[in-house]
Amino acid sequence: MQCAVTAGLPSFSVVGLADKAVSEAKDRVRAALTSMSIALPSKRITINLSPADLPKEGSHFDLPIALSLLAALEILPQDDVQGIVSLGELSLDGSLVPVTGALPAAITAAQEDCTLLCPAQCGPEAAWVEATKVLGARTLLDVVQHCTGQAALSVAQPGLVDAIPATKDLRDVKGQEKAKRALEIAAAGRHHLLMVGTPGSGKSMLAARLPSILPDLSPEEALETSMIHSLKGLLSEGGISRQRPFRAPHHTASMAAIVGGGRGAKPGEISLAHNGVLFMDEFPEYQRTVLETLRQPIETGDIVVARANAHVTYPCKFMLVAAANPCKCGYLSDPAQACARVPQCGEDYLGRISGPLLDRFDLRIEVPPVSFADLELPGESEPSAAVAQRVAAARSVQSKRLASYPDLRVNADIEGEILQEFAAPDADGRALLNKAAEHFRLSARSYHRILRVARTIADLAASKDVLADHIAEAISYRVQA
């Protein structure tokens, strides 16, 4: 950012493809300086936002504009200002208002070997980047006093959002043992899961309890996820959370809402679910174009949001959990309630999910309705805590196994030679898999996904080798629906 104070007619202009919020910064800066009894000279003031061909938007430019202007007026030392990366919105009284994006800004400051200056409320969020010094200020006057050596700002300390205790537990689910087993496998290896069942069978109930069995985010994962949430302004209490995100968009969501885009190419739901769960209920009800856009991110783990004025890549390694009714009315398997178009109605309804997209689900299960007799059975189901321990143990095994591969974290990530090395089944298992592949005409993708699921099943069983039993269970989840 550059500032020039030159002779000419008094004016204050901001150039460099600034949007309305940035253009209005000059009025907020002028009022903030007036509140500090600093009068602008009767000269031509020009703020240049470089590079000039890149659109600028957002109120976080207020503080950088004010600092560059104060440096140009020689109120602040120019050398000190040049070593600072700043962001923040100014109120008319000179106080600083928190803005989004403090965490990515701190990472940029660390890369440039600079200090980050931001509103005090953003300090605990940005301070998680230990490679740079983060200073939090409450007013513009505090910034001026710091830069002039009158009163130094304190270094911000990392904050942490308190963990929200899980209120939804698997012990609440009566029956559905196979569905709960599928949830456990999906959580252990970050495998994609499709549940098909009649209305009220418990699909949404099961998915809502998935976060209770997932392990906490590692520090690296928490930083990655929080960077994306910071861009959307979703971080609260000035810190980041160790809980895995669980996103559940409505089926009327647009393509930009799901994959990202819109003004400024913001991240979508698949990126907000990075390192967590994306639950898509009423899966066939989503627009066909929205569903088809999921195919590439599922395979690559990132999404390139390309727009006319922006080109941004966001990570999106998420676990896709989808739920669907077997047909439009939902009662395809119940002769007493099914419509007269059976079975054509089911083929038409689930036919909205294309074959290539369906092929990307590692686990596909049917969720049958639970009888009233099962609901009244005494005793409780296995609690989430017990399942979470097995999931955590399996993920720990995967983490140690993939320690020499920085980009790989769970079984869902492995492929190629690494997959053959770690998930190669024994002789009986390979014979069973080859027979199933020929009988069900499985694609190469299905073949490899069965191997990944079998490796996860073996990890849950604390087995070093992938056995025929593990292959058989993985196949049962693949070809059932």
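Residues numbered from 1 in each chain as written. Predicted model: local features only at pLDDT ≥ 70, side-chain atom pairs only at ≥ 80, totals over all residues. Heavy atoms only, no water.

Here Leu278 lies in strand β13 (residues 277-280). For Leu278, a relative accessible area of 0% puts it in the buried group. The spatial distance from the C-alpha of Leu278 to the C-alpha of His192 is 9.6 Å, given a sequence separation of 86 residues. Those residues in contact with Leu278 that lie beyond four places of it in its chain are Arg247, Pro249, Glu269, Ile270, Ala273, Phe318, Met319, Leu320 and Val321. (Helix = DSSP H or I, 4+ residues; strand = E, 2+ residues; numbered from the N terminus. Buried < 20%, exposed > 50% of the residue type's maximum accessible area, 1.4 Å probe, protein only. Contact = heavy atoms within 4.5 Å.)

It is worth spelling out the nonpolar core at this point. Of all hydrophobic cores here, the largest spans 52 residues; its most connected members are Leu193, Met195, Leu210, Ile213, Val321 and Ile365. Residue contacts for Ile213: discarding those within four places in its chain leaves Leu170, Leu183, Glu184, Ala187, Ser384, Val387, Ala388 and Val391. (Core = buried A, V, L, I, M, F, W, Y, C linked by side-chain atoms within 4.5 Å.)

Further remarks concern the sheet that holds strand β3 (residues 44-48). Here we have three strands laid out as an open sheet, ordered β1-β3-β2, and mixed in their pairing. Whereas interior strands pair on both sides, the edge strands pair on one side only; in this sheet they are β1 (2-6) and β2 (11-15). With direction set aside, neighbouring strand axes in the sheet form an average angle of 15°. The sheet contact formed by β2 and β3 spans five bridges and is parallel. For Phe12, the partnering residue across the bridge sits in β3 and is Ile45. (Pairing = 2+ DSSP bridges. Axes fitted to C-alpha atoms, helices over the stretch in contact; angles between N-to-C directions.)

We now examine the pattern of salt bridges. This model, assessed by the stated rule, comprises 27 salt bridges. For the salt bridge of Glu221 with Arg244, the shortest nitrogen-to-oxygen distance reads 3.0 Å. Of the two residues, Glu221 is situated in helix α10 (residues 219-231) and Arg244 in the loop between α10 and β10 (246-247); the sequence distance between them amounts to 23 residues. A single burial state applies to Glu221 and to Arg244, both of which are buried. Arg409 is the salt-bridge partner of Glu221, the closest N and O atoms lying 3.6 Å from each other. One end of the pair, Glu221, is in helix α10; the other, Arg409, is in the loop between α18 (384-401) and α19 (416-422), with 188 residues separating them in the sequence. We classify Glu221 as buried; its relative accessible area is 10%. Residue Arg409 is classed as partly exposed on the basis of its relative accessible area of 23%. A cluster of three or more residues bridged by salt bridges with shared partners is formed by Glu299, Asp359, Arg360, Asp362, Arg445, Arg449 and Arg478. (Salt bridge = Lys/Arg side-chain N within 4 Å of Asp/Glu carboxyl O.)

On to the confidence of the model for the protein, then. With 97% of its residues at a pLDDT of 70 or more, the protein shows a mean pLDDT of 91. Of all secondary-structure elements in the protein, the lowest mean pLDDT belongs to helix α17 (residues 372-375), at 72, while β13 reaches the highest, 98. (pLDDT = per-residue confidence, 0-100.)

Cis geometry is found at the peptide bond from Ser50 to Pro51, where omega equals 0°. Unusually for a residue other than glycine, Leu17 sits at a positive phi of about 55°. Locating Leu17 in the fold gives a position in the loop between β2 and α1 (20-23). A positive phi angle is found at Gln176, which is not glycine, with a value near 55°. Take Gln176: its relative accessible area is 10%, and that puts it in the buried class.

For the rest of this paragraph, the subject is the packing of helix α8 (residues 177-189) against α18. Across the interface, α8 lies against α18 with an axial gap of 8 Å and an inter-helix angle of 35°. For the pair α8 and α18, the sense of crossing is right-handed. Packed against α8, whose contacting residues are Glu184, Ala187, Ala188 and Gly189, the element α18 presents Val387, Arg390, Val391, Ala394, Arg395 and Gln398 at the interface. (Left-handed = near helix turned anticlockwise from the far one by under 90°.)

The sheet built from five strands is open, its strands ordered β10-β13-β16-β9-β17 with parallel pairing. The sheet is open, and its two edges are formed by β10 and β17 (363-367), each paired on a single side. Pairing analysis gives five bridges linking strand β9 (residues 193-197) to β17, with the strands arranged parallel. Counted as the bridge partner of Val196 is Glu366 from β17. Packed onto the sheet, α8 meets β9, β16 (319-324) and β17 and runs at close to 160° relative to β17.

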